[in-house]
Amino acid sequence: NSNSSIPACVIVSIDGSHAMNDVLQDLRNFKDAVDPGNHIIIADDTRCRSWFCEPPTRAWIAAIKEGLIRELACWGDHQTSGYRLGKVQGWTGKV
């Protein structure tokens, strides 16, 4: 809410449910909570081939296609762990 005195987030870590819709909703929910000029989003389990990486990876790609986030980097061992780094696009300032 715009009357809130809660400071904006500078680091957002998405690491919880591995269900595609949950991860995508987490990304959407943080859109208005980030500091527009200084923030990073880190998504866990998004650059590996393990079964649990597929849904978060699909959510990350869907968020890019929605124009919600812009990917900055990705890294991992491509087997059992991986991460993606990004920034929110289209910040609306509703912290």
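See the structure printed just above.
This section reports on the structure supplied with the text. (Residues numbered from 1 in each chain as written. Predicted model: local features only at pLDDT ≥ 70, side-chain atom pairs only at ≥ 80, totals over all residues. Heavy atoms only, no water.)

This part covers the overall build of the chain. In terms of regular secondary structure, the chain is built from two helices and four strands. Reading the secondary structure of the chain in the N-to-C direction produces β-α-β-α-β-β. For the chain, with 95 residues in total, the buried portion stands at 32%. Taking all contacts inside the chain whose residues are at least 6 apart in sequence as the whole, residues at least 24 apart take part in 70%. (Helix = DSSP H or I, 4+ residues; strand = E, 2+ residues; numbered from the N terminus. Buried < 20%, exposed > 50% of the residue type's maximum accessible area, 1.4 Å probe, protein only. Contact = heavy atoms within 4.5 Å.)

What follows is about the sheet that holds strand S3 (residues 69-76). The strand order across the open sheet built from four strands is S1-S2-S4-S3, with neighbouring strands paired in mixed fashion. Every interior strand has two partners, whereas the edge strands, strand S1 (11-14) and S3, have only one. Averaged over neighbouring strand pairs, the angle between their axes works out to 20 degrees when direction is ignored. As paired strands, S1 and strand S2 (residues 40-44) are joined by four bridges and run parallel to one another. Counted as the bridge partner of Ser13 is Ile42 from S2. Running over the sheet, helix H2 (residues 54-65) touches S2, S3 and strand S4 (82-88) and is turned about 150 degrees from S3. (Pairing = 2+ DSSP bridges. Axes fitted to C-alpha atoms, helices over the stretch in contact; angles between N-to-C directions.)

The full count for this structure, using the stated rule, is three salt bridges. A salt bridge links Glu54 to Arg58; its shortest N-O distance comes to 3.4 Å. One end of the pair is Glu54 and the other is Arg58, both in helix H2 and four residues apart, which spans about a single turn. In this structure Arg58 comes out as partly exposed when scored by relative accessible area, which is 39%. Across the pair Glu71 and Arg84 runs a salt bridge whose closest N-O atoms are separated by 3.0 Å. Here Glu71 is found in strand S3, whereas its partner Arg84 is found in strand S4, with 13 residues between them in sequence. For Glu71, a relative accessible area of 29% corresponds to the partly exposed category. (Salt bridge = Lys/Arg side-chain N within 4 Å of Asp/Glu carboxyl O.)

Each regular strand displays side chains that alternate between the two surfaces of the sheet. Alternating positions in S1 separate cleanly, Val12 and Ile14 being buried on one face and Ile11 and Ser13 remaining unburied on the opposite face. For the crossover that starts at S1, traverses helix H1 (residues 20-29) and ends in the parallel S2, the hand is right-handed. (Right-handed = clockwise from strand over helix to strand, strands pointing away.)

Once that is clear, we can look at the state of the cysteines. In the structure shown here, the tally under the stated rule is one disulfide. Each sulfur of the disulfide joining Cys48 and Cys53 lies 1.7 Å from the other. Of the residues examined, Cys48 reaches a relative accessible area of 12% and is grouped as buried. (Disulfide = S-S within 2.5 Å.)

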